[in-house]
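Structure at a glance
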Amino acid sequence: MEDIKDIEQRILEEVSKASDLKALDEIRVSAMGKKGEITEMMKTLGQMSADERIETAKKLNLLKSAVEEALSKRKDILENEALNAKLACEKIDVTLPCRPETQGRIHPVSKIYEEVAAIFGELGFEVAEGPSIEDQFHNFNALNMPLNHPARQMQDTFYIAHDKDKPFEMDDAYVVRTHTSGMQIRTMENKKPPIRIIAPGRTYRSDFDATHTPMFHQVEGLVIDKTTTLAHLKGCLYDFVKAFFELDDIPVRYRPSYFPFTEPSAEMDIGCLKTKTELKIGAGNDWLEILGCGMVHPNVLKAGGIDPDEYQGFAFGVGLDRLAMLKYGIPDLRTFFESDVRWMKNYGFAPLDFSSLTGGLSNNGGQLR
Ligand code: DAH
């Protein structure tokens, strides 16, 4: 029979050469498993004489512990190696630039939406969302535009029949909302003052040229509290345009205007410089209309279930697409919705750049060109 010392040497050598955990386990089984080499040798003890048995059992026990120790040490080493190999291949270099292979782009309207939400979010506004298909109560009546009010005609409304099997009744048809102002009413219905919301969304009118498309985007703003004044409106919108155009200062003016749902009403202009080839926002001799605003009409508060003797507020409405055209120098609105990949490559934004007031709104005008 092979000497026990030789057996030990042979097994220990095999253990030290085991290249992975699976190979190591095979060695363990072949030495100490139920039918393993050492186990089989243990079984022969019973046939030995007493002296021989004591002597051999001692040697076999020593062999067993030597093999067990070697197996356990080798196992530790192999486990460590396996872990290191796994970590090495899962390693990410956080200093690498973001996904250079990224093909997708964020649409300028989505980008502007994020920017506007970031600014008003910082000013304590919540974002409210509502339906594209609206009833005439929310889109018109509750906004102080009763049936036959001339302003209803100005909006080039798309009407939708309630029931396709009945004759079309203009007066109770649904509409695809002509503006986001209906969200003023929906918000008042669902929320008690103080209210401070913006409501961005799609809006629809039957209109089509370089600056009008049948579907476009607006953001509505609504603030209602007991002491909200025109001064708050002016301060809030001034802060907004400065933050939005990323300028330290910007001339603004308010022109008296008319909207049925606000009294008084105004249009806000910002200063700019228009040359034959360029439009520069900021100081200059020209003005650019940017949004409509005013103090919420008492009839609108009433329609929203709010007591106008106790509360007052201001509202504003901004065209998101128009803001995108101005900020990012995009000349034709129709191109926004043509889904042309080349256009998106030119005017779109990197998907992983988030807008925030602290980290940068437009990420330094970060269109990927
Ligand atoms: N709804 C108006 C429009 O679509 C925009 C607007 C003007 C909204 C004045 C307002 C406001 O909230 O106060 O033309």
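Residues numbered from 1 in each chain as written. Predicted model: local features only at pLDDT ≥ 70, side-chain atom pairs only at ≥ 80, totals over all residues. Heavy atoms only, no water.

Some thoughts on the site of the ligand
As a structural note, the neighbourhood of the ligand is formed by 15 residues, with His179, Ser181, Arg205, Gln218 and Glu220 the closest of them. At a separation of 2.9 Å, a nitrogen atom of the ligand approaches a polar side-chain atom of Ser181. Relative to its unbound accessible area of 350 Å², the ligand is 90% covered by the protein chains. Looking at the shell around the ligand residue by residue, the class counts come to five nonpolar, eight polar and two charged. (Near = heavy atom within 4 Å. Polar contact = N/O pair within 3.5 Å; in protein donor to acceptor, adjacent residues only side chain to side chain. Areas by Shrake-Rupley, 256 points an atom, 1.4 Å probe, with all protein chains shown as cover. Nonpolar A, V, L, I, M, F, W, Y, C, P; charged D, E, K, R; others polar.)

Looking at the side chain of Glu134
Relative to the helices and strands, Glu134 is located in strand E2 (residues 133-134). A polar atom in the side chain of Glu134 sits 2.6 Å from the side chain of Arg186. Residues within four places of Glu134 in sequence aside, it is in contact with Asn139, Tyr174, Val175, Arg177 and Arg186. (Helix = DSSP H or I, 4+ residues; strand = E, 2+ residues; numbered from the N terminus. Contact = heavy atoms within 4.5 Å.)

Regarding the domain arrangement of the protein
For the protein, the assigned domains are domain 1 (4-89) and domain 2 (108-347). The distance between the C-alpha centroids of domain 1 and domain 2 comes to 80 Å. (Domains from an automatic or database assignment.)

Structural notes on the environment of Ser72
Along the polypeptide, Ser72 turns up in helix H4 (residues 50-90). Residue classification places Ser72 among the partly exposed residues on the basis of a relative accessible area of 40%. (Buried < 20%, exposed > 50% of the residue type's maximum accessible area, 1.4 Å probe, protein only.)

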